Amino acid sequence: MTEAVLALDVGGTKAHGALVDREFRLLDEGFARTAGRDPGLAATLDLAAELLERARIAGTTVRAVVAGFPEYVSNEGVVTAHEVLDWTVQPGEALAALAGGVPVRIASDVKAGALGELALGRGREHDGFVYVSLGTGISTAIVLDRTLHEGVRGEAIGFGEWSVPAELDPEWRGNLEGFASGSGIAARYLARTGTELAEGGARGVLEADASGDPVAAEIVDTAAVAIGRAVAQLVSLLDPPAIVLAGGLGSADTRLARGIRAEYERVASRRPSPPPLLPSGVPANPGLLGAAALAWELATASEAAPPPAAGPASREERTA
């Protein structure tokens, strides 16, 4: 009998789901578009339902379901924000209704990514690191002594809430995510030029930069400096063994990512032997594989848990 877990990595533009075996091989996978805030999580839930049905048809037993969401999530798996997606029912409850009694857990996507990195990427070289995910948004997760630091509320991920140095844009009043994430870069370009790029989002701005657009170049440069300096501040605070730059934009070899590294190295080199800033060591989607690792832990724990204690017998049972 083939066994698998259903892992979901839900982002602000797309969701990636897969049936993953114990060796972290993807037995089946699918994608859904979540741009436009995925009202009611319709696209995400349709993807989960489709993969569960395909598992049933293939004779694959699904042992657990874990989904990483781009929101604040409590340590109990309760989503506590609507910053990226328009969910109306708790995602864990919605997925449990599809999953037919198998255990379900929700996690912040950046924490799932850090766990994927720990199991299959830079965690093979380092027992601790700060995982910086740069994509539609920007957030971090902290791994210390091979353990994910959750925070009391589960909110130790809020790197995007940091401020932006005033010299980069004296008129800026927002946070780091609004200034330098993928959605922030695209929004700043639109605000400056009034132009909707043919290739939407930050990638369109990066293409415009590569074509010599001076406004795009300024936005990319200031975003890189803002992130690079903020990462150096993280190092001053935490002094971790390494920094991992991941996510769709963080992992790509672009002028943005190179600029982040250059600014980080410039600032961090003021102190001896700063920790290295490394690209993700996971070939593809650490968030998905981290969700799979969590799902296998959940399946194993559920299997090992003692059965619930029987309640007092009813009168009919006592007299039967």
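**With respect to the sheet that holds strand S4 (residues 60-69)**
- On the basis of which strands lie adjacent, the open sheet formed by five strands has the order S3-S2-S1-S4-S5 and mixed pairing. Since the sheet does not close on itself, it has two edges, and those belong to strand S3 (26-33) and strand S5 (104-108), each with one partner. Geometrically, the sheet is characterised by an average inter-axis angle of 20 degrees between neighbouring strands, direction not taken into account.
- Two elements, S4 and S5, share five bridges in a ladder whose sense is parallel. Residue pairing across strands places Val66 opposite Arg105, the latter belonging to S5.
- Along the sheet, helix H2 (residues 91-99) makes contact with strand S1 (2-10), S4 and S5, crossing S5 at roughly 145 degrees.
- Together, S1, S4 and S5 form the strand contacts of helix H3 (residues 109-120), whose direction differs from that of S5 by roughly 95 degrees.

**Observations concerning the nonpolar core**
- Core analysis: the biggest nonpolar cluster contains 38 residues, and Phe159, Leu176, Ile227, Leu256 and Ile260 have the highest contact counts within it.
- Sorting the residues of this core by element identifies strand S6 (129-134), helix H4 (176-180), helix H5 (182-193), helix H6 (201-210), helix H7 (214-238), strand S9 (243-246) and helix H9 (255-268) as the ones contributing at least two each.
- Among the elements that make up this core, the one with the highest residue count is H7 (13 residues).
- Every residue in contact with Ile227, bar those within four places of it in the chain, is listed here: Leu134, Ile138, Leu176, Ala180 and Ile260.
- In terms of nonpolar packing, the next biggest core, distinct from the first, is built from 30 residues, Val110, Leu115, Ile157 and Ala246 among them.

**Considering helix H10 (residues 286-304)**
- Between its first and last C-alpha, H10 extends 27 Å over 19 residues, near the 27 Å set by a 1.5 Å rise per residue.
- Listed as buried for H10 are Pro286, Gly287, Leu288, Leu289, Gly290, Ala291, Ala292, Ala293, Leu294, Ala295, Trp296 and Ala299.

**So, the packing of aromatic side chains**
- Under the definition given, this model contains two aromatic pairs.
- Ring geometry for Trp172 versus Phe179: centroids 5.3 Å apart, planes at 70 degrees, classification edge-to-face.
- Residue Trp172 is classed as partly exposed on the basis of its relative accessible area, which comes to 25%.

**Regarding the sheet that holds strand S7 (residues 138-144)**
- Pairing is mixed across the open sheet formed by five strands, whose spatial order is S8-S7-S6-S9-S10. The open sheet terminates on both sides in strands that have one partner only, identified here as strand S8 (147-149) and strand S10 (277-279). Neighbour-to-neighbour, the strand axes of the sheet open up by a mean angle of 30 degrees, direction not taken into account.
- As paired strands, S6 and S9 are joined by four bridges and run parallel to one another. Bridging across to S9, Ser133 finds its partner in Ala246.
- In the packing of H3 onto the sheet, the strands contacted are S6, S7, S8 and S9, and the crossing angle to S6 comes to about 125 degrees.
- Each of S6, S7 and S9 is contacted by H7, which is oriented at about 160 degrees to S6, the strand it contacts most.

Thresholds, definitions, all that
- Residues numbered from 1 in each chain as written.
- Predicted model: local features only at pLDDT ≥ 70, side-chain atom pairs only at ≥ 80, totals over all residues.
- Heavy atoms only, no water.
- Pairing = 2+ DSSP bridges.
- Helix = DSSP H or I, 4+ residues; strand = E, 2+ residues; numbered from the N terminus.
- Axes fitted to C-alpha atoms, helices over the stretch in contact; angles between N-to-C directions.
- Contact = heavy atoms within 4.5 Å.
- Core = buried A, V, L, I, M, F, W, Y, C linked by side-chain atoms within 4.5 Å.
- Buried < 20%, exposed > 50% of the residue type's maximum accessible area, 1.4 Å probe, protein only.
- Expected span 1.5 Å × (residues − 1).
- Phe/Tyr/Trp six-rings, centres within 6.5 Å; stacked < 30°, edge-to-face > 60°.

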